[in-house]
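# Architecture and fold: a report
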Amino acid sequence: MAVIGVMDSGSGGLSVLREIRKVLPEASYIYYADNANCPYGTKSREFILQRCHSICELLLSRGADAIVIACNTATAVAISSLREKYDVPFVGMEPAVKPAAMGTQSGVIGVLATAGTLSASKYLDMKDRYSDGVEVVEHVGEGFVELVERGVLSGPEAEKTCAASLMPLLEKGADIIVLGCTHYPFLRPVMEKICAERGYRGVRFIDPAPAVARRLIQVLEEKGIGDKSGVAACPVPGSVELLSSGPREVLEYLYSK
Ligand code: DGL
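As the structure is a prediction and not an experimental result, all values here were calculated from the model.

## Looking at empty space enclosed by the protein
Counted according to the given criterion, the structure contains 1 cavity of 30 Å³ or more. Estimated volume of the largest cavity: approximately 60 Å³. If you trace the largest cavity, you find it lined by N72, A76, M93, E94, P95, T117, A120, K122, Y123 and M126. Where the lining of the largest cavity is concerned, the elements lending two or more residues are α3 (72-85) and α6 (121-130). Broken down by element, the lining of the largest cavity gets its largest block of residues, 3 residues, from α6. Among the residues forming the lining of the largest cavity, the class breakdown is 6 nonpolar, 2 polar and 2 charged.

Encoded structure:
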């Protein structure tokens, strides 16, 4: 089985790692949280590019056979340049506009993401392509990444912060909310509580992580990585190594969730 490198600006990508491990339990994983530099959403393109390249070099030096960029912001900025430079497969994140547009009953979908993702050409192109006949309303999840990085996933502060960005989408009639940042699934229970308490029943949240996990399997199969011929020998099947550029407490707490 393969060694899979996973990176994010912080702990958010653990929501993707969780889904990947469900479908590839025997791979071994190296997760890098760049939490000393989180959030990426407010950083320059050059800075994000430079961080992504040095983190991927570290993951490759530790034997990664494939790398998941478990961050929408980093994917939008850096995945093309990473693919050009390194000879391993990369799988990235994309807000799930297509399934949301196909599934909406109200004709309105909401997208919650960082400012960086919402202004990226990758997202704008995808929205153009898949949202024909559907109204797309967007909002930055203001303060969401910071809450998750502090490990605050419930309680009055989390509810107030989430409501401020979620309510404008619900008030415009969105019945499907796309979680366009990998930190946001950690706040999904709070958002579901807000919907239930304020009478927005039947609202669904879409997290692209399960689709990313399926895509990773496809890519590994296409490249013959980790197949029975033993192209990639995984030292400790199922192991997860957590690396970070900053404090580890919240990272370990969220990993255990
Ligand atoms: N998890 C990152 C994403 O999916 C967080 C963004 C940030 O660091 O600003 O975009």
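From this point on, the discussion continues.
## Considerations on the environment of M7
By the secondary structure assignment, M7 is in strand β1 (residues 3-8). Residues M7 and G143, 136 residues apart in the sequence, show an inter-C-alpha distance of 21 Å. Ignoring anything within four residues of it in the chain, the contact list for M7 reads Y32, Y40, C52, I55, C56, L59, V68, I69, A70 and C71.

## Points about helix α2 (residues 45-61)
Between its first and last C-alpha atoms α2 spans 24 Å; for 17 residues at 1.5 Å apiece the expected length is 24 Å, and the two agree. Buried within α2 we find I48, R51, C52, H53, I55, C56 and L59. Looking at the packing, one finds that the buried side of α2 touches β1, β2 (28-33), β3 (66-69), α3 and β4 (90-92). Remark: G63 follows α2 within two positions and exhibits a positive phi of approximately 100°.

## A few points about the sheet that holds β1
Ordered in space as β4-β3-β1-β2-β9, the 5 strands form an open sheet in which the pairing is parallel. In this open sheet, the two strands that pair with only one neighbour each are β4 and β9 (240-244). Neighbour to neighbour, the strand axes of the sheet diverge by 20° on average, direction disregarded. Direction of pairing for β1 relative to β2: parallel, over a ladder of 6 bridges. Within β2, the position partnered with V6 by the bridge is Y31. Its contacts with the sheet place helix α1 (residues 14-23) against β1, β2, β3 and β9, and it is angled at close to 170° to β2.

Reading the values: the criteria
- Residues numbered from 1 in each chain as written.
- Predicted model: local features only at pLDDT ≥ 70, side-chain atom pairs only at ≥ 80, totals over all residues.
- Heavy atoms only, no water.
- 1 Å grid on protein atoms, 1.4 Å probe; cavity = no way out; pocket = protein on both sides within 12 Å on 5 of 7 lines; lining within 4 Å.
- Points joined across faces, edges and corners; volume = space filled by probe spheres on them.
- Helix = DSSP H or I, 4+ residues; strand = E, 2+ residues; numbered from the N terminus.
- Nonpolar A, V, L, I, M, F, W, Y, C, P; charged D, E, K, R; others polar.
- Contact = heavy atoms within 4.5 Å.
- Expected span 1.5 Å × (residues − 1).
- Buried < 20%, exposed > 50% of the residue type's maximum accessible area, 1.4 Å probe, protein only.
- Pairing = 2+ DSSP bridges.
- Axes fitted to C-alpha atoms, helices over the stretch in contact; angles between N-to-C directions.

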